[in-house]
Amino acid sequence: MSVQRPSSDSDTAALLREWLTGTFETLGGDLRQRLLEAGPLPEGSFKSRQPIGEPGDIWAYVASTTRTARGVRNTGKEYSEATWQKFLGGLAKKVPASGTLGLCTIDQFGTPNGGRPKMTIQYDIDEHDEGWLHLAFLFDPALLEDPAWQQALLTHARRFADEHGPTYAEVSYWSGYSNQSALEYRFKVTEQLPIARSRSTLRGYAWVTVCPQEAGDRLGGLEALQASGAFSTAEPLQAGGYWLQATPSYADYDMTAGTKVFTTLAPALRPGTPRPPAPHEPAEKIILRDAAEISA
């Protein structure tokens, strides 16, 4: 989810605290409960390469990145309530370039299973334009198999979108970076479009797509989006823009549904043919066609 950064540092800090704590409390579920009940995590385990627990144990960390004249500085520490509150409180003094709360489990070797995070909540300040914030929530896709959790995710994302009017947001299966859409990940870094163009050029599409007002109006507005047949839900957002949900459940979002969404949104999408996924990468329901061909 990408939003314009508030004009004041205090408002920026408040927005980021709302995103980080609200997502953790609303969607943390059993993982959050296990973490709160686990007690103190091993001191120094954030950097340790030695076994620190039993397989399946919960583990978490808090990390941030600061850009300085001397380069990028990364800091991190295993989670504790004190560490978490210190990080949140520090946002009011100086907002780091990025911040992350990550939860995972201990693997069969007794070490944090960083390769398979269960849940990561983070934000990034756009490195090319500090007037923009990228908010991300990465999670194990298996969580979507629980209808109640899936609905909680939709409700939480919709509430945030209604309040803050993102220029783009999506709920998708995606393997890129926190500041990219699934579609953007299919283009080279040198082909990335400036974030400032994201109101007029739609950055992607997915099972759930938050379309900015300007791009949606180019597509004919709410009436045309609803009449397209590509969305089970197409509704206006309170802060401007459109909430577009392709199918009632993520499990129903297949390539047929993805093609309908792509075809409908193509006139507002960036031109160019996305590269195919590598053999080891999962399919992301991105249509490997140039949107300009559809909108011509």
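Structural data are supplied above this passage.
It should be emphasised that the depicted structure is a prediction, and the values quoted were computed from it without experimental measurement. (Residues numbered from 1 in each chain as written. Predicted model: local features only at pLDDT ≥ 70, side-chain atom pairs only at ≥ 80, totals over all residues. Heavy atoms only, no water.)

S.K.: How do you make sense of the packing of aromatic side chains when you look at a structure like this?
M.R.: Each aromatic ring pair is specified by the distance between its two centres and by the angle formed by the two planes. For the structure shown, the criterion picks out 11 aromatic pairs. Between the aromatic rings of tryptophan 19 and phenylalanine 160, the centroid separation amounts to 5.2 Å while the plane-to-plane angle is 70 degrees, which identifies the pairing as edge-to-face. With tryptophan 19 in helix α1 (residues 9-27) and phenylalanine 160 in helix α4 (residues 147-164), this residue pair connects regions lying 141 residues apart in the sequence. Grouping residues by exposure puts tryptophan 19 and phenylalanine 160 together as buried. Among the aromatic side chains, those forming a connected cluster through ring pairs are Phe24, Tyr79, Trp84 and Phe87. Over the aromatic face of tyrosine 185 sits the side chain of arginine 275, whose NZ or CZ is 5.2 Å from the ring centroid. (Phe/Tyr/Trp six-rings, centres within 6.5 Å; stacked < 30°, edge-to-face > 60°. Helix = DSSP H or I, 4+ residues; strand = E, 2+ residues; numbered from the N terminus. Buried < 20%, exposed > 50% of the residue type's maximum accessible area, 1.4 Å probe, protein only. Lys NZ or Arg CZ within 6 Å of the ring centre and 35° of its normal.)

S.K.: I keep staring at helix α7 (residues 255-265) and nothing clicks. Help me out?
M.R.: Along an α-helix, residues three or four positions apart point the same way, because every turn accommodates 3.6 residues. Taken together, the buried positions of α7 are occupied by Ala257, Gly258, Val261, Phe262, Thr264 and Leu265. End-on view of α7: buried residues confined to an arc of 165 degrees, all on one side of the axis. Near the N-terminus of α7, the side chain that reaches the backbone nitrogen of threonine 256, with its oxygen 3.2 Å away, is that of aspartate 254. (Arc of directions from axis to C-beta. Polar contact = N/O pair within 3.5 Å; in protein donor to acceptor, adjacent residues only side chain to side chain.)

S.K.: What am I meant to see in the side chain of glutamine 180 here?
M.R.: Considering the arrangement of structural elements, one finds glutamine 180 in the loop between β7 (169-171) and β8 (208-211). A relative accessible area of 13% means that glutamine 180 is categorised as buried.

S.K.: Which parts of the structure should I look at to understand the sheet that holds strand β3 (residues 71-78)?
M.R.: Consider a sheet: its strands pair through backbone hydrogen bonds, and that pairing is either parallel or antiparallel. One open sheet holds the 6 strands; their spatial order is β1-β6-β5-β4-β2-β3, and the pairing between them is antiparallel. If you trace the sheet from one side to the other, it starts and ends with β1 (2-4) and β3, each paired once. Strand-to-strand twist in this sheet, taken as the mean axis angle between neighbours without regard to direction, amounts to 20 degrees. Its contacts with the sheet put helix α3 (residues 81-90) on β2 (58-68), β3, β4 (98-105) and β5 (119-125), and the angle it makes with β2 is roughly 30 degrees. Seen against the sheet, α4 touches β1 and β6 (132-139) and runs at an angle of roughly 175 degrees to β6. (Pairing = 2+ DSSP bridges. Axes fitted to C-alpha atoms, helices over the stretch in contact; angles between N-to-C directions. Contact = heavy atoms within 4.5 Å.)

S.K.: Is there a simple way to explain the pairing of β8 in this structure?
M.R.: Successive residues of a regular strand alternate their side chains across the two faces of the sheet. Burial along β8 is two-sided: the face carrying Val208 and Val210 and the face carrying Thr209 and Cys211 are both buried. Two elements, β7 and β8, share 3 bridges in a ladder whose sense is antiparallel. By the bridge assignment, alanine 169 is partnered in β8 with valine 210. Bridging between β8 and strand β10 (residues 242-245) involves 4 bridges; their strand directions are antiparallel. Bridge pairing in β10 links valine 210 to tryptophan 243.

S.K.: Looking at this structure, I do not really get the packing of α1 against α4. What am I missing?
M.R.: Each packed pair of helices is defined by two parameters, the angle between the axes and the distance between the axes. Where α1 meets α4, the axes come as close as 10 Å, and the angle between the chain directions of the two elements is 165 degrees. Taken together, the axes of α1 and α4 are roughly antiparallel relative to one another. Between α1 and α4 the crossing geometry is right-handed. Contact residues: Leu15, Glu18, Trp19, Gly22, Thr23, Thr26 and Leu27 in α1; Trp149, Ala152, Leu153, His156, Arg159, Phe160, Glu163 and His164 in α4. For the contact of α1 with α4, the class distribution of residues is 7 nonpolar, 5 polar and 3 charged. (Parallel < 35°, antiparallel > 145°, perpendicular 65-115°, else oblique. Left-handed = near helix turned anticlockwise from the far one by under 90°. Nonpolar A, V, L, I, M, F, W, Y, C, P; charged D, E, K, R; others polar.)

Worth remembering: the numbers are spatial, not functional.
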